[in-house]
Each structure stands twice: as structure tokens, then as C-alpha cells.
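Residue-level structure breakdown
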Amino acid sequence: MGAALALAVVVPSAAPAAADSSACTHHWSGPQVCIRLEGRNGWNSVTGIWVNPPTQVKTRTVRLFLDGHQLNSAQTARRVGTTLSYHWQAFDTGTDVKVCVRFKEITRVACDKTKYIGNRTSL
């Protein structure tokens, strides 16, 4: 009976998993662009990152797209160390949505897909 009671204490559901993810373009030369989604289910913040901009580039326009449609007006990514980035605060992105970032004058686009992560239980 003691083992059954101990198991009952362990079974309560764990906190739902986060849906954080990131993706980058996979080219060996030229601009490397990444996207990072942070949040859960349909509520995410988005960061667009240009990993290897030329040293002289201090700012660059970046655009955000949801399922191919530009979400809002262009934003200005700024240099932080060796990268350029812009962070959109958390908003309702929806789930199963292709989220992309594109920097002006760069043909490469980084995309990731939002996910639904439901409650999980652990034994």
C-alpha cells in the first residue's frame, strides 16, 4: 500500500511544456538568418536575428510574416554584439502557423511553425 500511495503522489500532472523553438537558414556562405519563437500554444514572442552581418551594418529593416502575410510595418533591427536582431513582444500568433522573418536586401528568409503543446502528465 505504501508504494501505491507514493505513486499517487508522483502522478499529478506536470507543468505544460513550453513551445520555444528556433530555426535558421542553412546556407554555408552569405547571410545567416534565424528566427526564435518563445511562448506556448498560440501566444508567442518572435525574434529575428541576422547572425553574420558585415561589420559596417548597424541597423537593417526586418519584416514579420504569418502564413505568408506581412503582419505589421517593418521594424528596425539593431546591432547587439556581432548580430542584428529585433524582438516582437508576445502576441496571439495562432497555432500551426508558419512565422517568418526577412531582412531588407537579403533574399534568405528564416521560418518556424507555431505548435500546440497540450498538458502532459508524467508517471
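Reference entry: report on the structure contained in this document. These numbers were taken from a predicted model, which means no experiment stands behind them. (Residues numbered from 1 in each chain as written. Predicted model: local features only at pLDDT ≥ 70, side-chain atom pairs only at ≥ 80, totals over all residues. Heavy atoms only, no water.)

**Points about the packing of aromatic side chains**
Selection criterion: By convention, a stacked pair of Phe, Tyr or Trp rings (six-membered ring in the case of Trp) has centres within 6.5 Å and planes under 30 degrees apart, an edge-to-face pair has planes over 60 apart, and any other such pair is tilted. Numbered from the N terminus, helices here are DSSP runs of H or I no shorter than four residues, and strands are runs of E no shorter than two. Throughout, exposure labels follow a simple rule: accessible area from a 1.4 Å probe, protein chains only, divided by the maximum for the residue type, with under 20% read as buried, over 50% as exposed, and the rest as partly exposed.
Per the counting criterion, the structure on display carries 2 aromatic pairs. Seen from their ring centres, W50 and F103 are 6.1 Å apart, and the 50° between their planes marks the pair as tilted. Here the residue W50 occupies a position in strand β3 (residues 43–50), and F103 occupies one in strand β8 (residues 98–103), the gap between them amounting to 53 residues. Using a relative accessible area of 4% as the deciding quantity, one classes W50 as buried. For the ring pair Y86 and W88, a centre distance of 4.8 Å and an interplane angle of 75° mean the geometry is edge-to-face. Given the relative accessible area of 23%, Y86 is considered partly exposed.

**Topic: the pattern of salt bridges**
The condition that has to hold: Salt bridge, as used here: a side-chain nitrogen of Lys or Arg that lies within 4 Å of a carboxyl oxygen of Asp or Glu.
Tallying each qualifying case throughout the model produces 3 salt bridges. For R36, the salt bridge is made with E38, and the minimal N-O distance between the two is 3.8 Å. Assessed through its relative accessible area of 34%, R36 is described here as partly exposed. For K113, the salt bridge identified is with D96, shortest N-O distance 3.6 Å. Of this pair, K113 sits in strand β9 (residues 109–113) while D96 sits in the loop between β7 (83–92) and β8; the two residues are 17 residues apart in sequence, bridging distant segments of the chain. A relative accessible area of 53% places D96 in the exposed class.

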